[in-house]
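What follows is each chain in one-letter form.
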Amino acid sequence: MLKHSETRELPYSPDQMFDLVSDIGSYAQFLPWVVGVRIRSRTEQEILADLLVGFGPLREKFTSRVTLDRPGSIDVEYIEGPMKYLHNDWRFQPDGKGGSIVDFNVEFAFRNRMLDTLAGRFFDEALRKMVKAFEARANKLYAAGAVSGEGASGSSSSSAHSAA
């Protein structure tokens, strides 16, 4: 199983970051490899969504149930697709300076052991790129109205590893 965690301190409020991450319908506009999105259902507490992810000529559909707990957390439960297991979560906490501390965690494994091994080689880089895409989207949407006087800068830490 592959695991990855990132923590970012950003000059945007937990509500703003929650809104950005929960706007699944916009993912194809800014997330690498997401080529299509279909929202099957949405309430204030839950989203059922299909993501079409593409790597060159390969396309895979993932269906997930997303649980929303405004403004503190978003949990993603994998329902169907090419994975053996997938879970990710987002946590949004005030940083005491008008911005937020954003924690992102993901764990997954492919059904195919060879694909799982191959994914491990690119896993860390791919997830860092994805988290940076969320941060760039936040800068695009909120930088002019950022609460903090620090503009769009922030700090980060991350870790990734494989577990047997």
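Structural data are supplied above this passage.
Reference entry: report on the structure contained in this document. Keep in mind the model is a prediction, meaning the values are calculated, not measured.

Rules of the game
Residues numbered from 1 in each chain as written. Predicted model: local features only at pLDDT ≥ 70, side-chain atom pairs only at ≥ 80, totals over all residues. Heavy atoms only, no water. Core = buried A, V, L, I, M, F, W, Y, C linked by side-chain atoms within 4.5 Å. Buried < 20%, exposed > 50% of the residue type's maximum accessible area, 1.4 Å probe, protein only. Helix = DSSP H or I, 4+ residues; strand = E, 2+ residues; numbered from the N terminus. 1 Å grid on protein atoms, 1.4 Å probe; cavity = no way out; pocket = protein on both sides within 12 Å on 5 of 7 lines; lining within 4 Å. Points joined across faces, edges and corners; volume = space filled by probe spheres on them. Nonpolar A, V, L, I, M, F, W, Y, C, P; charged D, E, K, R; others polar. Salt bridge = Lys/Arg side-chain N within 4 Å of Asp/Glu carboxyl O. Contact = heavy atoms within 4.5 Å. Pairing = 2+ DSSP bridges.

## With respect to the nonpolar core
Counting 39 residues, the largest nonpolar core has Tyr27, Phe108 and Phe134 as its most contacted members. Top contributing element to this core by residue count: helix H3 (residues 113-142), with eight residues.

## Here we look at the layout of surface pockets
Over the atoms rolls a probe the size of a water molecule, and its path tells where empty space is left. Quantified by volume, the largest pocket comes out at close to 1,200 Å³. Every residue lining the largest pocket is counted, 38 residues in all, and those nearest its centre are Val53, Phe55, Phe62, Phe108 and Phe110. Among the elements of the structure, strand S3 (46-55), strand S4 (58-69), strand S5 (73-80), strand S6 (83-94), strand S7 (100-110) and H3 are those that each provide at least two residues to the lining of the largest pocket. Per element, the largest residue contribution to the lining of the largest pocket is ten residues, and it comes from H3. Taken together, the residues of the lining of the largest pocket sort by class into 33 nonpolar, two polar and three charged.

## Concerning the pattern of salt bridges
Overall, the coordinates contain eleven salt bridges when judged by the stated rule. Residues Glu135 and Arg8 are paired through a salt bridge, measuring 2.9 Å at the closest nitrogen-oxygen approach. One end of the pair, Glu135, is in helix H3; the other, Arg8, is in strand S1 (residues 2-10), with 127 residues separating them in the sequence. Classification of Glu135 by relative accessible area gives buried; the value is 17%. The exposure class assigned to Arg8 is buried, which follows from its relative accessible area of 9%. Measuring nitrogen to oxygen at the nearest pair gives 3.1 Å for the salt bridge that ties Asp50 to Arg40. Taken as a pair, Asp50 in strand S3 and Arg40 in strand S2 (residues 34-42) lie far apart in primary sequence, ten residues in all. Here Arg40 falls in the partly exposed class, since its relative accessible area comes to 37%. Here the residues in one salt-bridge network are Arg38, Arg40, Asp50 and Glu80, joined through shared partners.

## What to know about the environment of Val34
As for its position among the elements, Val34 is in strand S2. Assessed through its relative accessible area of 11%, Val34 is described here as buried. Spatially, the C-alpha atoms of Val34 and Leu51 are 6.8 Å apart, while their sequence positions differ by 17 residues. In this view, Val34 contacts Tyr27, Ala28, Leu51 and Leu52; residues no more than four positions away in its chain are not counted.

## Brief notes about the pairing of S7
For S7, a buried count of eight out of eleven residues is recorded, marking the element as mostly surrounded by other parts of the structure. With nine bridges joining them, S1 and S7 adopt antiparallel strand pairing. By the bridge assignment, Thr7 is partnered in S7 with Asp103. One ladder, built from eleven bridges, connects S6 with S7; its direction is antiparallel. Across the sheet, Tyr85 pairs through a bridge with Ala109, a residue of S7.

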